[in-house]
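Below are the chains, spelled out letter by letter.
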Amino acid sequence: MATSDKDFIDSGFLSLLSAPARRALEHHGITSLQQLSQYSEKEILQFHGMGPASLPKLRTALEKEGLSFKN
């Protein structure tokens, strides 16, 4: 079965991250931008393996889909 463009967009953002940052999100069950948008930047930074360098990449990926971090 082919992966849809939407599925790629949702999970493709993970490929932008370092391995520790990607594992941090996956460990918390975050595999889509919709799931990511349920968290604040502060919450994401508290995940072990997630550093501040990842936030601009995540923010851009969210914005491209009309989403943002929780306030």
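A brief report on the enclosed structure follows. Predicted model, so just to flag it, every value in this text is computed and none were measured. (Residues numbered from 1 in each chain as written. Predicted model: local features only at pLDDT ≥ 70, side-chain atom pairs only at ≥ 80, totals over all residues. Heavy atoms only, no water.)

**Considerations on the overall build of the chain**
Worth spelling out the cut-off: Only DSSP runs of H or I reaching four residues or more are called helices, and only runs of E reaching two or more are called strands; each is numbered from the N terminus. Using a 1.4 Å probe on the protein chains alone, a residue whose accessible area is under 20% of its type maximum counts as buried, one over 50% counts as exposed, and one in between counts as partly exposed. A contact between two residues is defined here by any heavy atoms of the two lying within 4.5 Å.
When helices and strands are tallied, the chain shows five helices and zero strands. When the elements of the chain are put in sequence order from the N terminus, they spell out α-α-α-α-α. Of all 71 residues assigned to the chain, the portion counted as buried reaches 32%. A fraction of 49% describes how many contacts in the chain between residues 6 or more apart in sequence connect residues 24 or more apart.

**Overview of the packing of aromatic side chains**
Formally: Think of it this way: a Phe, Tyr or Trp ring, Trp meaning its six-membered ring, pairs with another when their centres are within 6.5 Å, and the plane angle makes it stacked under 30 degrees, edge-to-face over 60, tilted otherwise.
A full pass over the atoms with the stated rule returns one aromatic pair. Consider the rings of Tyr39 and Phe47, whose centres lie 5.8 Å apart with planes at 80°: the pair is edge-to-face. In this structure Tyr39 comes out as partly exposed when scored by relative accessible area, which is 24%.

**Considerations on the environment of Gln46**
Positionally, Gln46 belongs in the loop between α4 (41-45) and α5 (54-64). Using a relative accessible area of 59% as the deciding quantity, one classes Gln46 as exposed. Along the backbone, Gln46 and Ala24 are 22 residues apart, and their C-alpha atoms lie at a distance of 9.7 Å.

**Re helix α2 (residues 19-27)**
Worth spelling out the cut-off: Arc, as used here, means the arc of the directions from the helix axis to the C-beta atoms.
Along α2, the positions that sit buried rather than exposed are Ala21, Ala24 and Leu25. In an axial view of α2, the angular spread of the buried residues amounts to 95°, which keeps them on one side of the axis. Turned more than 90 degrees off the buried face of α2, the exposed positions are Arg23 and His27. Where α2 is buried, its residues meet α3 (33-36), α4 and α5.

**Looking at the side chain of Ser37**
Here Ser37 is to be found in the loop between α3 and α4. If we skip the residues at most four places from it in the chain, Ser37 touches Leu62, Leu67, Ser68, Phe69 and Lys70.

**Some thoughts on α5**
The set of residues buried in α5 consists of Ser54, Leu55, Leu58, Ala61 and Leu62. Down the axis, α5 shows its buried residues gathered within 130° of arc, on one side only. Relative to its buried face, α5 has exposed residues pointing more than 90 degrees away, namely Glu63 and Lys64. For α5, the elements touching its buried residues are α2, α3 and α4. Backbone geometry just downstream of α5 places Gly66 in the positive-phi region, at approximately 75°.

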